[in-house]
Amino acid sequence: MKKIPYGQADYKRIKEEKFYYVDKTKFIEKLENLNESYLVFLRPRRFGKSLFIAMLHYYYDKHYKDDFKMLYGDTYIGKHPTKLANK
């Protein structure tokens, strides 16, 4: 049984420790296609904003290029990476 990551905002830890995770990586592709300079995330408290930002951090940070398969291999973006992955 998978653990619920209540209060967890570290995407890498969630993936490493096999917490339950609802795949939101399809939004990475959508955000890149918006072609906007600034984005604002307006969501209620405890709605996953920090976890979403952490997911973006690990996706774009070049220091985590070697961890890409472990972090995103079983997600939408792992199967459909964009040209900006790890850049």
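Keep in mind the model is a prediction, meaning the values are calculated, not measured. (Residues numbered from 1 in each chain as written. Predicted model: local features only at pLDDT ≥ 70, side-chain atom pairs only at ≥ 80, totals over all residues. Heavy atoms only, no water.)

(A) Local environment of a nonpolar patch on the surface. A surface patch of nonpolar side chains, about 500 Å² in accessible area, is lined by Ile-4, Tyr-6, Tyr-20 and Val-22. Mapping Tyr-20 onto the fold places it in the loop between α1 (11-16) and α2 (26-34). Overall, the relative accessible area of 46% leaves Tyr-20 in the partly exposed class. (Patch = residues over 30% accessible without salt bridge, like charges linked within 9 Å, V, L, I, M, F, W, Y side chains within 5 Å. Areas by Shrake-Rupley, 256 points an atom, 1.4 Å probe, with all protein chains shown as cover. Salt bridge = Lys/Arg side-chain N within 4 Å of Asp/Glu carboxyl O. Helix = DSSP H or I, 4+ residues; strand = E, 2+ residues; numbered from the N terminus. Buried < 20%, exposed > 50% of the residue type's maximum accessible area, 1.4 Å probe, protein only.)

(B) Representation of the packing of α2 against helix α3 (residues 49-60) within the structure. Between α2 and α3, the least distance of the axes is 11 Å, while the angle of their chain directions is 75 degrees. What the angle tells us is that α2 and α3 run roughly perpendicular. Between α2, through Phe-27, Ile-28, Leu-31 and Glu-32, and α3, the contact on the second element is made entirely by Phe-52, Met-55, Leu-56, Tyr-59 and Tyr-60. (Axes fitted to C-alpha atoms, helices over the stretch in contact; angles between N-to-C directions. Parallel < 35°, antiparallel > 145°, perpendicular 65-115°, else oblique. Contact = heavy atoms within 4.5 Å.)

(C) Summary view of the side chain of Asn-86. Mapped onto the fold, Asn-86 is located in the segment after α5 (76-79). Apart from the residues within four sequence positions on either side, Asn-86 is in contact with Tyr-58, Tyr-59, Tyr-60, Asp-61, Lys-62, Tyr-64, Lys-65 and Phe-68.

(D) Seen up close, the packing of aromatic side chains. If you walk through the whole model with that rule in mind, you get eight aromatic pairs. Ring centres of Phe-41 and Phe-52 lie 5.3 Å apart, and the angle between their planes is 70 degrees; this geometry places the pair in the edge-to-face category. Here Phe-52 lies in helix α3 and Phe-41 lies in the loop between α2 and α3, a separation of eleven residues in the sequence. Feature note: the residues Tyr-11, Tyr-21, Tyr-59, Tyr-60, Phe-68 and Tyr-72 constitute an aromatic cluster, connected by ring pairs. Of note, Lys-3 hangs over the ring of Phe-19, and the distance from its end group to the ring centre comes to 4.6 Å. Stacked on the ring of Tyr-76, the Lys or Arg Lys-26 has its end atom at 5.1 Å from the ring centre. (Phe/Tyr/Trp six-rings, centres within 6.5 Å; stacked < 30°, edge-to-face > 60°. Lys NZ or Arg CZ within 6 Å of the ring centre and 35° of its normal.)

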